[in-house]
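Commentary on secondary and tertiary structure
Residues per chain are reported as follows:
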Amino acid sequence: MDFAQADIAERLDTADSGTLDSLSFGVVKMDLNDVVLDYNDAESRLSGLSKESVVGRNFFTQVAPCTNNFMVAERYHEHDVLDETIEYVFTYRMRPTKVRLRMLKDVRRNYQYMLVEAL
Amino acid sequence: MQYRSDDVEKLLQFLYLAPLALLELQRDGEIVMMNAFAAQYLMPISGGRMTNFFDVLRPHAPEIVDTIAAFRPSSGSVLNNRRISIAAPGREGAPLYYSLTVEKLEDNCLMVALTDVTEAVEQDARIKQAIEQEAVQRGKAELAASVLHDIGNAITGIGTTVARLLGGEAWYEETALRRLEDYLRDNLTGLEDVLGAGKADALLTYLGEIRNALHDRAAELEKDYARLAQITTHISELLSLQRTYADESQTYSSSMQCDLVQVLEDAISMQAAGLEKRSVVVQRRYPQKAVRIFGDRTKLVRVFVNLLRNACESFDRNARQTARRDQAENTIEIGVSILTGPRAQVVISDNGSGFEPERSDQLFDSASSSKSSGGGIGLAVCRRIVAAHNGTIELTSEGPGQGARAVVELPFKATETTDHIDHNHQEA
Ligand SMILES: Nc1ncnc2c1ncn2[C@@H]1O[C@H](COP(=O)(O)OP(=O)(O)OP(=O)(O)O)[C@@H](O)[C@H]1O
Ligand SMILES: [Mg+2]
């Protein structure tokens, strides 16, 4: 699987945890209420947060409040269907880190994703 | 001190998730560390470049960047809760407000704390605007009411004059002329001797004509007076109607509540000068607990101010009318009690001039001010305001010199009734 791949959402839907962990870019899998369902190894390495500490929590308010603004969180909330890539700055372990985000959502499916690639 | 690794992890999370933006900068503004809220607040205004804090801030608040850069001491407080407004994308021109604190820790280390105070600022602005609007409206209404009141007083003066003219006796000149005619007729023969026959008759006819003409003019004038009286009454009615609108232009909402005792105390302090001038002793009998009533505080204060004013003014009349005062002191008693219903009752009694008991109702007519120039709102308006609160107001006296007693009853907030009723039973 590839960060920019067109049909990546469908593939992620059926991928198991092990498959997500084998990817080179970060993957945050959420339900439609922003609750984290899966958090792959690449993302764990970037953020320093373990999968266990993150799963079950609200991504925008409890895990990564740095995204809780109109550039990221509100885009998920305002759109039923979303596939957008932006450059952003994460604050992993208090360090500003430039990343590329791919925001994926489609209300007809059960999950939404955020793909993260360090720049 | 040694930290275990999960302690460090906790500490990191604590700083990372703290609900305010925290940043550590180098002296040139380069960001060394920042937490999640810092990114949340600053990313949208940074245009995506988030490596240097000064670069992020410069387009929005260049003077702040200059202040920080110009700070010479090697440590100390650079900025303390400085408010900055920032034109933010996605907010339709409404600016964001951040409060910024900068502390210099070392030569090459600045700590920045930033909070979003937009909501507080907007709320302040809303409240300020509402207060201003209220004041303007109230001012307009009060001005209108007082102008109308003054005109009303002038019209009342005209009305009284017209009434006196209408009630006047028939013209004295007409009767005098008739007497003269009778006298001449009785002495007609003697008169003919002097004037010559026919001339005396002609004189009588002439006098009769003058008398008739006078009579007609008197009748005409009386008709004009009647019309004038009608017109003044009409104008008075129009004025009092307009005053109702002016007074009630701020609509009374049944959801408004106020504390009756506070309302009374406000009225007393507003009338303080008048009370002091006449050395009035004010005695209060209030329930121990607050008495919450439904009503518009400002309007009710005006009602009680007028009642207190009237009482004060009655002391002046008393002083004029009786050379020697029986009562040593001017006293006003203010009592508050709770009646079943439940209603709150305010009794304001004075030992002033009083009035004939049968006048008690007519004092509430809009034209019954006994003063030539009134500055108050008048009992008529008091009654309208109280009526708008589903309340009643009465003013009674046992007679001139016997003082007066004003009783105002207003609906009482039911939830706290029991306590008050018990309390009053105990007192009784
Ligand atoms: N406490 C009182 N004792 C004696 N007379 C009173 C008392 N209160 C009111 N009155 C009589 O009722 C009249 C009407 O009072 P009202 O308040 O309507 O008008 P006002 O006081 O004369 O003028 P203003 O418009 O300034 O209030 C008074 O002029 C006074 O004669
Ligand atoms: Mg008065």
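Higher on the page you've got the structure.
A brief look at the structure comes next. (Residues numbered from 1 in each chain as written. Chains lettered and ligands numbered in written order. Predicted model: local features only at pLDDT ≥ 70, side-chain atom pairs only at ≥ 80, totals over all residues. Heavy atoms only, no water.)

Of the regular secondary structure elements, chain A holds six helices and five strands. If you list the helices and strands of chain A from N to C, you get α-α-β-β-α-α-α-α-β-β-β. For chain A, the share of sequence-separated contacts (at least 6 apart) that also reach a separation of at least 24 residues comes to 42%. (Helix = DSSP H or I, 4+ residues; strand = E, 2+ residues; numbered from the N terminus. Contact = heavy atoms within 4.5 Å.)

In this section: the overall build of chain B. Each helix and strand counted, chain B has 13 helices and 12 strands in total. Sequence-distant contacts, at least 24 apart, represent 64% of the contacts inside chain B between residues at least 6 apart. Entry remark: accessible area of chain B is about 24500 Å², with carbon and sulfur atoms responsible for 53%. (Areas by Shrake-Rupley, 256 points an atom, 1.4 Å probe, with all protein chains shown as cover.)

All names here are of chain B. Coordination sphere of the magnesium ion (ligand 2), protein contribution only: Asn306 (OD1) and Asn310 (OD1), at 2.1 to 2.4 Å. With Asn306 and Asn310 both in helix H11 (residues 297–321) and four residues apart, this pair spans about one turn of that helix. On the accessibility criterion, Asn306 (4% relative accessible area) is buried. For Asn310, a relative accessible area of 25% corresponds to the partly exposed category. (Donors = N, O, S within 2.8 Å, 3.2 Å for Na, K, Ca; no water. Buried < 20%, exposed > 50% of the residue type's maximum accessible area, 1.4 Å probe, protein only.)

Our focus in this paragraph is empty space enclosed by the protein. All names here are of chain B. Under the definition given, this model contains one cavity of 30 Å³ or more. The volume enclosed by the largest cavity comes to roughly 140 Å³. For the lining of the largest cavity, the leading source of residues is helix H1 (residues 5–17), giving four residues. In the lining of the largest cavity, the residues fall into 10 nonpolar, four polar and three charged. (1 Å grid on protein atoms, 1.4 Å probe; cavity = no way out; pocket = protein on both sides within 12 Å on 5 of 7 lines; lining within 4 Å. Points joined across faces, edges and corners; volume = space filled by probe spheres on them. Nonpolar A, V, L, I, M, F, W, Y, C, P; charged D, E, K, R; others polar.)

A few words on the sheet that holds strand S4 (residues 96–106) of chain B. Residue and element names in this part refer to chain B. Strand order in the open sheet formed by five strands is S2-S1-S5-S4-S3, and the pairing between neighbours is antiparallel. Both edges of this open sheet fall to strand S2 (31–34) and strand S3 (76–86), since each of them pairs with a single strand only. Between one strand and the next, the sheet's axes are offset by a mean angle of 20°, whatever the strand orientation. Pairing analysis gives eight bridges linking S3 to S4, with the strands arranged antiparallel. (Pairing = 2+ DSSP bridges. Axes fitted to C-alpha atoms, helices over the stretch in contact; angles between N-to-C directions.)

Here the focus is the pattern of salt bridges. Side-chain pairs of opposite charge can arise where the charged atoms are in close proximity. All names here are of chain A. For the structure on display, the rule yields 22 salt bridges over all chains. Between Asp83 and Arg102 there is a salt bridge, with the nearest N and O atoms lying 3.0 Å from each other. One end of the pair, Asp83, is in strand S3 (residues 81–90); the other, Arg102, is in strand S4 (residues 97–106), with 19 residues separating them in the sequence. Here Asp83 falls in the partly exposed class, since its relative accessible area comes to 45%. (Salt bridge = Lys/Arg side-chain N within 4 Å of Asp/Glu carboxyl O.)

Listed by partner, the interface residues are 20 residues for chain A and 21 residues for chain B. Interface of chain A and chain B: buried area, both sides summed, is about 1900 Å²; carbon and sulfur atoms make up 68% of it. A per-residue breakdown of the area chain A buries against chain B is headed by Pro65, Thr91 and Met94 of chain A, which together make up 32% of the total. Taken together, the connections running from chain A to chain B amount to zero salt bridges. Here chain A and chain B share four residue pairs in polar contact (both at pLDDT 80 or more) between them. At the level of elements, helix H5 (59–63) and S3 of chain A are the ones that each hand at least two residues to the side of chain A that touches chain B. No other element matches the three residues that S3 of chain A contributes to the side of chain A that touches chain B. Considered class by class, the residues forming the side of chain A that touches chain B number 11 nonpolar, five polar and four charged. (Buried area = accessible area lost by both parts, 1.4 Å probe. Polar contact = N/O pair within 3.5 Å; in protein donor to acceptor, adjacent residues only side chain to side chain.)

Glancing now at helix H2 (residues 36–46) of chain B. Residues and elements named next belong to chain B. Counting buried positions over the 11 residues of H2 gives 11, a clear majority of the element. Listing the buried residues of H2 in full gives Ala36, Phe37, Ala38, Ala39, Gln40, Tyr41, Leu42, Met43, Pro44, Ile45 and Ser46. Within two residues after H2, Gly47 carries a phi angle of roughly 65°, on the positive side.

Before going further, it helps to spend a moment on the sheet that holds strand S12 (residues 404–411) of chain B. Residue and element names in this part refer to chain B. Ordered in space as S7-S9-S10-S12-S11, the five strands form an open sheet in which the pairing is mixed. Of all strands in the sheet, those with a lone pairing partner are strand S7 (280–285) and strand S11 (392–397), marking the two edges. Across this sheet, the average inter-strand angle for adjacent strands is 15°, counted without regard to direction. The sheet contact formed by strand S9 (residues 330–339) and strand S10 (residues 343–350) spans eight bridges and is antiparallel. Residue pairing for S10: Ser337 is matched across the bridge by Gln345.

Residue and element names in this part refer to chain A. Of all the 10 residues making up S4, seven are buried; the element is thus mostly covered by neighbouring parts of the structure. One ladder, built from 10 bridges, connects S3 with S4; its direction is antiparallel. The partner of Glu87 across the bridge, within S4, is Arg100. Here S3 folds back onto S4, and the loop between the two strands holds six residues, one of which, Arg93, carries a positive phi near 50°. Hairpin connection of S4 to strand S5 (residues 111–118): four residues between the antiparallel strands.

A word on the environment of Tyr113 of chain A. Residues and elements named next belong to chain A. If you trace the backbone, Tyr113 turns up in strand S5. Residues Tyr113 and Asp13, 100 residues apart in the sequence, show an inter-C-alpha distance of 9.6 Å. If sequence neighbours within four positions are ignored, Tyr113 has contacts with Ala9, Leu12, Asp13, Val27, Val28, Lys29, Met30, Tyr76, Arg102, Met103 and Leu104.

All right, on to a nonpolar patch on the surface then. All names here are of chain B. A grouping of Val194, Leu195, Leu203, Tyr206 and Ile210 is seen on the molecular surface, where their side chains present a nonpolar patch of about 460 Å² in accessible area. Sort the elements by how many residues they give to the nonpolar patch and helix H8 (residues 199–248) lands first, with three residues. By secondary structure assignment, the location of Ile210 is in helix H8. A relative accessible area of 35% places Ile210 in the partly exposed class. (Patch = residues over 30% accessible without salt bridge, like charges linked within 9 Å, V, L, I, M, F, W, Y side chains within 5 Å.)

Residue and element names in this part refer to chain A. In this structure, His79 sits in the loop between helix H6 (73–78) and S3. The class for His79 is partly exposed, based on a relative accessible area of 28%. For His79 and Val107, which are 28 residues apart along the polypeptide, the C-alpha to C-alpha distance reads 8.9 Å.

Scope: geometric values only; no functional claims are made or implied.
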